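# Fold and contact review
So the chains spell out like this:
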Amino acid sequence: MIAAIAVSVALVAGVAVAGVLVVRGNDSEPTANASPTPSPDPEETEEPEPEPENTLRPDDPRSGTRGDVEPVVAEDWLVQTNTKRSLAFDVPPDWSTNSEDMFVWIEDEREGVEDEEEPEPEETSGDGDEDEDGFDFDLPEPNILVGMSATAVHGENWCSERWTSRVIAGSKGSLGATGTADAATREARDWAYSAYDQYQEGTFEITDPEPFTTTEGLEGHTVTATISGGREDPEDACDWTEGKVVTFSYRDARADLATWILVTDTGHDEEIDDELIETIMSSLRRWDG
């Protein structure tokens, strides 16, 4: 169970409450948003005027991505982009895409556990401008375990207690990894433990990194991590401790290591299957805006 740090927003079921940061342009201060979905105005519930398909402000975290990016899987699929990470990917039409500037994170909620000292990150090629943790933005809290931006989500509001989502997919830099195989392994491990089992008490399995080339020709490595049986929070009706993380690491346009990450709850009736995950991952492609 992940407690709130700045806002109360569910990421995936196991990531019950996490942070959302929206960076509005290169010269603006980052702002925290209480929910990725805007609340309707009660005064506008009667006979609303017809509105365009995308009525959200450009700086709204749920405003979606650029409409001029065509999907490659099917014409009704949506496209999520991350220009900074030179990446685009398709998701089914019942998913939701988000602004490239929406950054989500999970904080360390362990009690009575001292963090182990981590080795200094190794140098990677490229002239990226990430911070030392490989994140794309300055972090609003010091105890953040993992974070990524430009996310697409699926299975929202499955739990009525608060905003929830069954699946989230996005991308981030992977500073400190020695190559795409190492980056894919690190991210899969870190996201699985952070999202579903911070105390590392459950059953954890991870595959060896495998070379993978997407349908669009992007090359790198992929890793899958699964986890179950983690410590449950009896006070949280939306808590979930069984999940899967699939990663794909590659070199972006600046030759920096970057990773696409999909985090999904498992063990429920609407769990997405491996075929869909592979279809989405196969659509990963170079996108520089």
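Predicted model, so just to flag it, every value in this text is computed and none were measured. (Residues numbered from 1 in each chain as written. Predicted model: local features only at pLDDT ≥ 70, side-chain atom pairs only at ≥ 80, totals over all residues. Heavy atoms only, no water.)

### A word on helix 1 (residues 180-196)
Over its 17 residues, helix 1 runs 24 Å from end to end, which matches the ideal 24 Å to within 8%, given 1.5 Å per residue. All of the buried residues along helix 1 are Thr180, Ala183, Ala184, Glu187, Ala188, Trp191, Ala192, Tyr193, Ser194, Ala195 and Tyr196. (Helix = DSSP H or I, 4+ residues; strand = E, 2+ residues; numbered from the N terminus. Expected span 1.5 Å × (residues − 1). Buried < 20%, exposed > 50% of the residue type's maximum accessible area, 1.4 Å probe, protein only.)

### Notes on the packing of aromatic side chains
Scanning the entire structure with this criterion turns up 6 aromatic pairs. Between Tyr193 and Phe204, the aromatic rings sit 4.6 Å apart at their centres with planes inclined by 25°, giving stacked as the arrangement. Of this pair, Tyr193 sits in helix 1 while Phe204 is found in strand 8 (residues 203-206), placing the two residues 11 residues apart along the sequence. Of the residues examined, Phe204 reaches a relative accessible area of 23% and is grouped as partly exposed. Put simply, the rings of Phe212, Phe248 and Tyr250 pair up and form one aromatic cluster. A cation over an aromatic ring shows up here: Arg166 above the ring of Trp240, its NZ or CZ 4.3 Å from the ring centre. Across the ring face of Tyr199, the terminal group of Arg231 is positioned such that the distance to the ring centre comes to 3.6 Å. (Phe/Tyr/Trp six-rings, centres within 6.5 Å; stacked < 30°, edge-to-face > 60°. Lys NZ or Arg CZ within 6 Å of the ring centre and 35° of its normal.)

### Focus: the environment of Thr178
For Thr178, the location among the structural elements is in the loop between strand 7 (167-173) and helix 1. Between the C-alpha atoms of Thr178 and Leu257, which are 79 residues apart in sequence, the distance is 8.8 Å.

### Focus: the pairing of strand 5 (residues 102-107)
The buried fraction of strand 5 amounts to 6 of the 6 residues, a majority that puts the element mostly inside the structure. A two-sided burial pattern is seen for strand 5, the buried positions comprising Met102, Val104 and Ile106 on one face and Phe103, Trp105 and Glu107 on the other. One ladder, built from 5 bridges, connects strand 5 with strand 6 (residues 144-154); its direction is antiparallel. Bridged to Phe103 within strand 6 is Ser149. (Pairing = 2+ DSSP bridges.)

### Digging into the state of the cysteines
Under the defined criterion, the tally for this structure stands at 1 disulfide. Cys159 shares a disulfide with Cys238; S-S distance 1.9 Å. Handedness of the Cys159-Cys238 disulfide follows from its S-S torsion of about -70°: it is left-handed. Separated by 79 residues along the polypeptide, Cys159 in the loop between strand 6 and strand 7 and Cys238 in the loop between strand 10 (219-228) and strand 11 (243-251) bring together distant segments of the chain. Classification of Cys159 by relative accessible area gives buried; the value is 7%. (Disulfide = S-S within 2.5 Å.)

### Description of the sheet that holds strand 4 (residues 87-91)
Reading across the sheet, the 3 strands line up as 3-4-13 and stay open at both edges, with antiparallel pairing between neighbours. Unpaired on one side and paired on the other, strand 3 (78-82) and strand 13 (285-286) mark the two borders of the sheet. Pairing between strand 4 and strand 13: 2 bridges, direction antiparallel. Paired with Ala88 across the strands is Arg285, a residue of strand 13.

### With respect to the environment of Asp208
Here Asp208 is to be found in the loop between strand 8 and strand 9 (210-213). Expressed as a C-alpha distance, the spacing of Asp208 and Ala181, which sit 27 residues apart in the sequence, is 8.6 Å. Apart from residues no more than four positions distant in its own chain, Asp208 is found in contact with Thr222 and Val223. (Contact = heavy atoms within 4.5 Å.)

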